[in-house]
Amino acid sequence: MHLILTGATGLVGSACLHQMLTNNLVTTVSILSRRPVPMAEGHPKVKTILHTDFNQYPTEVLNQLKGATGCVWALGVSVNDVSKEFYEEIVVSYPLAAAKAFASLSESFNFVYVSGEGATTTPGRFTPFFGRVKGRIEAQLQALSTEPAYASLKVYSLRPAGVDPKFHEEIHGWIPKLKPAGKAVGYPIVFTILRTVNPGFISPTRELGNVLVDLAMNDGKPLSGAGVLADGRTISNLGMRRLAGL
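Residues numbered from 1 in each chain as written. Predicted model: local features only at pLDDT ≥ 70, side-chain atom pairs only at ≥ 80, totals over all residues. Heavy atoms only, no water.

## Notes on the packing of aromatic side chains
Reasoning step 1: In the structure shown here, the tally under the stated rule is seven aromatic pairs.
Reasoning step 2: Taken together, a centroid distance of 5.3 Å and an interplanar angle of 70° make the contact between Tyr57 and Phe102 edge-to-face. With Tyr57 in the loop between strand S3 (46-50) and helix H2 (59-65) and Phe102 in helix H3 (residues 84-102), this residue pair connects regions lying 45 residues apart in the sequence. An identical accessibility class is assigned to Tyr57 and Phe102; each is buried.
Reasoning step 3: Plain terms: the ring middles of Trp73 and Phe111 are 6.0 Å apart, the flat faces sit at 25° to each other, and that makes the pair stacked. Note that Trp73 is positioned in strand S4 (residues 70-73) and Phe111 in strand S5 (residues 109-114), a separation of 38 residues in sequence. Summarising the burial analysis for this pair, Trp73 and Phe111 share the class buried.
Reasoning step 4: When the ring centre of Tyr156 is taken as origin, the NZ or CZ atom of Arg233, which lies over that ring, is 5.1 Å away. (Phe/Tyr/Trp six-rings, centres within 6.5 Å; stacked < 30°, edge-to-face > 60°. Helix = DSSP H or I, 4+ residues; strand = E, 2+ residues; numbered from the N terminus. Buried < 20%, exposed > 50% of the residue type's maximum accessible area, 1.4 Å probe, protein only. Lys NZ or Arg CZ within 6 Å of the ring centre and 35° of its normal.)

The structure is reproduced here in structure tokens:
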């Protein structure tokens, strides 16, 4: 099975990459990245395609992706790190352009979008900016999959909450270091407390990566059960934990 991954140098992307590398059913991993991905270097089933414009997918790029049947879109950024305009481009324009392009790669293509807890397709007065934007792209991706020109597209959006790599030792040497601001507000202490008093808020990276990759590999049908929303196409953190057996 041939899968595509974006955001491979980030926290969630690293978790997905580890699962793809160790899953025997995955035979080819195509990484789209602006820079080399050290965790993937030298691995026989990985090809890293250096790609700088995520709004455009020229023929030479699509030819390298031909035959892929799924993608985990883990490319993202904190709303605090960029302007609102650039945040919307990264969160909305990039995955929408990719989904349109990737729909032509195979007869059935699973596009798995990494959203976030707090996203909503029905925002209210007090919905934060990031929740509105992520909810908007969730809705746009689902709408795209209903258009005849993109009938091959099967979309899932997964909303992780507190992404926690604590017990995923295999990726510790590859993930981004916690920024000084994160240390200043006590993120490590907060996560230590949450693991005890509110584990349902935690998204352990090993299990999160496994669920995301499974979604990219599955039959593309809607899901059901606790924590599954939007006609079986959106998975909350509760749903992710249930699917992971947590």
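## Brief notes about the environment of Leu144
Reasoning step 1: Checked against the element boundaries, Leu144 lands in helix H4 (residues 129-144).
Reasoning step 2: Its relative accessible area of 3% is what places Leu144 among the buried residues.
Reasoning step 3: For the pair Leu144 and Val155, spaced eleven residues apart in sequence, the C-alpha to C-alpha distance is 9.0 Å.
Reasoning step 4: Those residues in contact with Leu144 that lie beyond four places of it in its chain are Leu96, Ala99, Lys100, Tyr150 and Leu153. (Contact = heavy atoms within 4.5 Å.)

## Notes on a nonpolar patch on the surface
Reasoning step 1: Residues Ile189, Ile193 and Val197 make up a contiguous nonpolar surface patch of about 310 Å² in total accessible area.
Reasoning step 2: Along the chain, Ile193 turns up in helix H6 (residues 187-197).
Reasoning step 3: Among the residues examined, Ile193 registers a relative accessible area of 47% and is labelled partly exposed. (Patch = residues over 30% accessible without salt bridge, like charges linked within 9 Å, V, L, I, M, F, W, Y side chains within 5 Å. Areas by Shrake-Rupley, 256 points an atom, 1.4 Å probe, with all protein chains shown as cover. Salt bridge = Lys/Arg side-chain N within 4 Å of Asp/Glu carboxyl O.)

## Quick word on the state of the cysteines
As used in these notes, a disulfide is a covalent bond between sulfur atoms, one from each of two cysteines.
Reasoning step 1: Per the counting criterion, the structure on display carries zero disulfides.
Reasoning step 2: The cysteine Cys16 is free of any disulfide, with Cys71 supplying the nearest cysteine sulfur at 9.8 Å.
Reasoning step 3: The exposure class of Cys16 is buried, given its relative accessible area of 0%. (Disulfide = S-S within 2.5 Å.)

## Quick look at helix H8 (residues 237-244)
Reasoning step 1: Every buried residue belonging to H8 is among Asn237, Gly239, Met240 and Arg241, and all of these are buried.
Reasoning step 2: Each element contacted by the buried residues of H8 is listed here: strand S6 (153-158), strand S8 (202-204), helix H7 (205-217) and strand S10 (234-235).

## A few points about helix H1 (residues 11-22)
Reasoning step 1: Relative to the 16 Å expected for twelve residues at 1.5 Å per residue, H1 spans 17 Å between its end C-alpha atoms, a close match to the ideal helical length.
Reasoning step 2: The element H1 is largely enclosed, with a buried count of ten among its twelve residues.
Reasoning step 3: Every buried residue of H1 is accounted for by Val12, Gly13, Ser14, Ala15, Cys16, Leu17, His18, Gln19, Met20 and Leu21. (Expected span 1.5 Å × (residues − 1).)

## Some points on the pattern of salt bridges
Reasoning step 1: A full pass over the atoms with the stated rule returns five salt bridges.
Reasoning step 2: Notably, a salt bridge pairs Glu88 with Arg136, separated by 2.9 Å at the nearest N-O pair. Taken as a pair, Glu88 in helix H3 and Arg136 in helix H4 lie far apart in primary sequence, 48 residues in all.
Reasoning step 3: Overall, Glu88 belongs to the partly exposed group, its relative accessible area being 25%.
Reasoning step 4: For Arg136, a relative accessible area of 34% puts it in the partly exposed group.
Reasoning step 5: With a closest N to O distance of 2.6 Å, Asp164 and Arg195 form a salt bridge.

## Focus on the layout of surface pockets
Where empty space is left becomes clear once a probe the size of a water molecule has been rolled over the atoms.
Reasoning step 1: Its volume calculated, the second largest pocket comes out at about 150 Å³.
Reasoning step 2: Along the walls of the second largest pocket sit 13 residues, with Asp164, Phe167, Ile202, Pro204 and Glu207 positioned nearest its centre.
Reasoning step 3: Secondary-structure elements contributing two or more residues to the lining of the second largest pocket are S8 and H7.
Reasoning step 4: Per-element tally for the lining of the second largest pocket: the top contributor is H7, with three residues.
Reasoning step 5: The residue makeup of the lining of the second largest pocket, split by class, is six nonpolar, two polar and five charged. (1 Å grid on protein atoms, 1.4 Å probe; cavity = no way out; pocket = protein on both sides within 12 Å on 5 of 7 lines; lining within 4 Å. Points joined across faces, edges and corners; volume = space filled by probe spheres on them. Nonpolar A, V, L, I, M, F, W, Y, C, P; charged D, E, K, R; others polar.)

Keep in mind that these numbers describe shape and distance, not what the molecule does.
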